[in-house]
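# Understanding the architecture of this molecule
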Amino acid sequence: MASLAPTYTPCISFNPLNSLPPLNSAGVRVFFPPIRSRKFSCKCSDSQQSPQQKQSQRPRKKPQKLDGIDPVGFLDKHGISNKAFAQFLRERYKALKDLKDEISNRFYNLQELASGFEILGMHRNAQHRVDFMDWAPGARYCSLVGDFNGWSPTENSAREGHLGHDDYGYWFIILEDKLRDGEEPDEVYFQRYNYVDGYDKGDSGVTVEEVFKKANEEYWEPGEDRLSKSRYELATKLYEQIFGPNGPQTEEEMEEIADPETRYKAWKEKHKDDPPSNLPPCDVIDDGSDGEFTVVTDPAWQEKFKNKKPPIPYWLETQKGRKAWLKKYRPGIPHGSKYRVYFNTSAGSVERVPAWATYVIPDGNQSFAVHWEPPPEHAYRWKYTRPPKPKSLRIYECHVGISGQDPGIATFKEFTEKVLPHVKEAGYNAVQLIGILEHKDYSSVGYKVTNFYAVTSRYGTPDDFKRLVDEAHGHGLLVLLDIVHSYAAPDEMVGLSFFDGANDCYFHSGKRGHHKFWGTRMFKYGDHDVLHFLLSNLNWWMVEYQVDGFYFHSLSSMMYTHNGFATLTGDVEEYCNQYVDKDALLYLILANEILHILYPYIVTIAEDATLYPGLCEPTSQGGLGFDFFVNLSASELWFSFLENVPDHEWSMSKIVSTLIGNKHSTDKMLLYAENHNQSISGGRSFAEILFGSESTGKMLLRGCSLHKMIRLITFTIGGQAYLNFMGNEFGHPKRVEFPMPSNNFSYSLANRCWDLLEDQLHKKLFAFDKAMMKLDVDSRILERGRKGLPNIHHVNDNTMVISYARGPFLFVFNFHPTNSHEKYSIGVEEAGEYKIILNTDEEIYGGEALIHQDQYTQQTISRRMDGARYCLELPLPSRTAQVYKLSRILRV
């Protein structure tokens, strides 16, 4: 007989198959297909097959290409014809398929791959205990130390062998709850407790034996439980039917066995007149292919079996509530306990903050995790649902720590109560939070992450952050998280570096494992357990804190082995040469695939200074799958102009080409006039450059005018997403400096001066920004135009005038510092009356009101201009901009 022994060495794993798939935003359960299709069939071995069966075997057809999948699909759209890059995309797609096949050896599907937080870390188990699991493949011994056990490295350790750790390096520790004095252990070892509800059915006094007896009497129909009571009866009967009552007892005594089809037909003929039995009625269909048979059952019996629900209600009757648990047990690790994980490694004994810890106090060598398990009456309860995903994004970028009026570190509570109402009033529909993941160095702005599953404790507790997100949703605001998966902090005690005593646990070893300029650690994206950690991390923030999307920070650091600091010439082959990290690209593809299937409403934004081709194209067409990408060049352009170029030398062509970027992806582009890089990273804010210490009316007018014009053209000329850093909407004049040795750890510049909103200048700038946001709120400006893009028809470097249209709206900018025009000709396609709906020069916005009210409505004349059939002759003061709307169409 053919051997059935496997040809590989099996690995023990703690990762279970998920019993139920997740729910999407509509409350519908999402079923991921298995990564690799599994066909379960009954197939006989070669030695059991008849010659007729072997002759009937036909070679399998090659699997056809799946509809809608083209690894190079976006290249034609982008006009890319480079053969090397096309070949790279095909190889990358094959590598993705191979990666999914490899993952399928351990995980049932991609959703399970991204759900490690369900079992890793610290979790309350229903059987009066807490389970802890972490990944440390280089460790030899693992235990938990903390104030709950006197920091003893031997009291709570993993058991020896596969009961304590598996073949992949995952360690498992059980923290049993302690019996209170005078209490007896539970009658059954599997006694379960509901830790949320105070009272449960199991507290009614009915014993487990009575519940089981009731289940046997009420659940089973007569005869159904016979086979469950006699485990070997069915096997014995089958054996006797095949071999008789005195059949062979050893393999040597057995005669030659006929093929399965012959045996089945003979058995069926012999028993065709047998009376009905309790066995399920079935038949076998031979389709004549490759020795495989299909078992079909009687439809009536199948429907009956399908409708037979498991006896879960009886099981739940044995479950007791929280009051019963508190009466009998003391928690093995109480809420608020400090703890670390202890490893014995080849490098000696080390203590680490667990990688999956959800609340951490980063205090140098004394850092520790905090067990967060508040009582149900104190745990935060969600009040609001997520707002619907808008078609255009108006993002307000924030750093919670510097959001306070006073120097110091602001809190989640202060941000929720003071800043969120301001964001709502300002007209934005999303907040983007930076520095939320735990980080040891406050001066790093939160970008040197130490604990990826923990909300930073500087601003408050996990429940405080849940309230912030919930209240933002109540204001109708999306919450986007600035996520840093491109590198990690180099810290060891509180971070992931040398986590298990080895150099290559989460990160590459050698030079490859360190960022060339920042010294941060670089993830090993080709490792399945690192993928498990990072993908689960994204899913964790969606599930636990109900955020609405992610801003992926500094992708160029991870996509290239040179960390994005090489000089790129624009040659397409630079995106597929030896310096490209294909594993990092595969991670980004998997992340977008999983997130968009689980959460159709999610927003993912790519920050990549190299503008990698296909960032926002579907993964099925060879792209990376992001919703938006950031045009980092826009803010650099404005900063360069304001710092280095005289006003009269500004290039209108350069402004337009920079703000539009790649025309094939403009609709997916996120633009900002200035972001935190100018305000936080040591540079000056635009307002600081524009206003400085000057207080003369002329300088203030210049600064006010350019501030409004820069923001308006950046907001309206690009794609369907716009970002503003906290305070810039009203011209916050101060840069931000985090406390560090160079400023004697001062907090004097680590705040926002909200009291400036009482100042007339800043109040008027804020009024204009609100009016600008209202354009999109009321008229959906960012969605207008062909495919959501503006029609830019007038760019004049001599007059320094730019004009473009988005649907019925016409935008006109005169950047010239001195030249004004009484009748400046601008072409339009539609004849009619155009009326000003927003004017940067109005007095309420800090302007001079040089355009009178009787000039606010202009009518077209029949003259070709700018390639259009009609023309408008518009008043156009210097350093002003106007937005016109077609208010009445004239039929010519």
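Details of the structure are given in the entry above.
Report on the accompanying structure. (Residues numbered from 1 in each chain as written. Predicted model: local features only at pLDDT ≥ 70, side-chain atom pairs only at ≥ 80, totals over all residues. Heavy atoms only, no water.)

## Topic: the overall build of the protein
- Regarding its fold elements, the protein presents 22 helices and 31 strands.
- The buried share of the protein, taken over its 892 residues, is 51%.
- In the protein, the share of contacts with a sequence separation of at least 24, taken over all contacts with a separation of at least 6, comes to 74%.
- A total accessible area of about 42,500 Å² is found for the protein, and carbon and sulfur atoms account for 51% of it. (Helix = DSSP H or I, 4+ residues; strand = E, 2+ residues; numbered from the N terminus. Buried < 20%, exposed > 50% of the residue type's maximum accessible area, 1.4 Å probe, protein only. Contact = heavy atoms within 4.5 Å. Areas by Shrake-Rupley, 256 points an atom, 1.4 Å probe, with all protein chains shown as cover.)

## Regarding the sheet that holds strand 21 (residues 628–630)
- The strand order 14-15-18-19-20-21-22-23 describes a closed barrel built from 8 strands, whose pairing is parallel. Sheet twist, expressed as the mean angle between neighbouring strand axes with direction ignored, is 30°.
- Two elements, strand 21 and strand 22 (residues 669–671), share 2 bridges in a ladder whose sense is parallel. Bridge pairing links Phe 629 to Met 669 in strand 22. (Pairing = 2+ DSSP bridges. Axes fitted to C-alpha atoms, helices over the stretch in contact; angles between N-to-C directions.)

## Topic: the sheet that holds strand 5 (residues 170–176)
- The strand order across the open sheet built from 3 strands is 2-3-5, with neighbouring strands paired in antiparallel fashion. At either end of the open sheet lies a strand with only one pairing partner, and these are strand 2 (121–125) and strand 5. Strand-to-strand twist of the sheet, defined as the mean angle between neighbouring strand axes without regard to direction, takes the value 20°.
- As defined by bridge partners, strand 2 adjoins strand 3 (residues 129–135) across 5 bridges and the pair is classed as antiparallel. Across the sheet, Gly 121 pairs through a bridge with Met 133, a residue of strand 3.

## Focus on the environment of Glu 317
- In this structure, Glu 317 sits in helix 10 (residues 312–317).
- Residues Glu 317 and Asp 203, spaced 114 residues apart in sequence, show a C-alpha to C-alpha distance of 8.7 Å.
- The residues touching Glu 317, leaving out its near neighbours within four places in the chain, are Lys 201, Gly 202, Val 211 and Lys 214.

## A closer look at the nonpolar core
- By size, the foremost hydrophobic cluster in this structure holds 185 residues, and its most contacted members are Tyr 506 and Trp 541.
- By residue number, the principal contributor to this core is helix 16 (residues 582–598), which donates 11 residues.
- What Trp 541 contacts, discounting residues up to four positions off in sequence, is Ile 436, Leu 437, Phe 452, Tyr 453, Ala 454, Val 455, Phe 465, Leu 481, Ile 483, Gln 546, Val 547 and Phe 550.
- With 18 residues, the next largest nonpolar core counts Ile 836, Leu 872, Leu 876 and Tyr 884 among its residues. (Core = buried A, V, L, I, M, F, W, Y, C linked by side-chain atoms within 4.5 Å.)

## A short note on a nonpolar patch on the surface
- Residues Phe 212, Ile 312, Trp 315 and Leu 316 make up a contiguous nonpolar surface patch of about 340 Å² in total accessible area.
- Here the element with the most residues in the nonpolar patch is helix 10; it accounts for 3 residues.
- With respect to the helices, strands and loops of the structure, Ile 312 is situated in helix 10. (Patch = residues over 30% accessible without salt bridge, like charges linked within 9 Å, V, L, I, M, F, W, Y side chains within 5 Å. Salt bridge = Lys/Arg side-chain N within 4 Å of Asp/Glu carboxyl O.)

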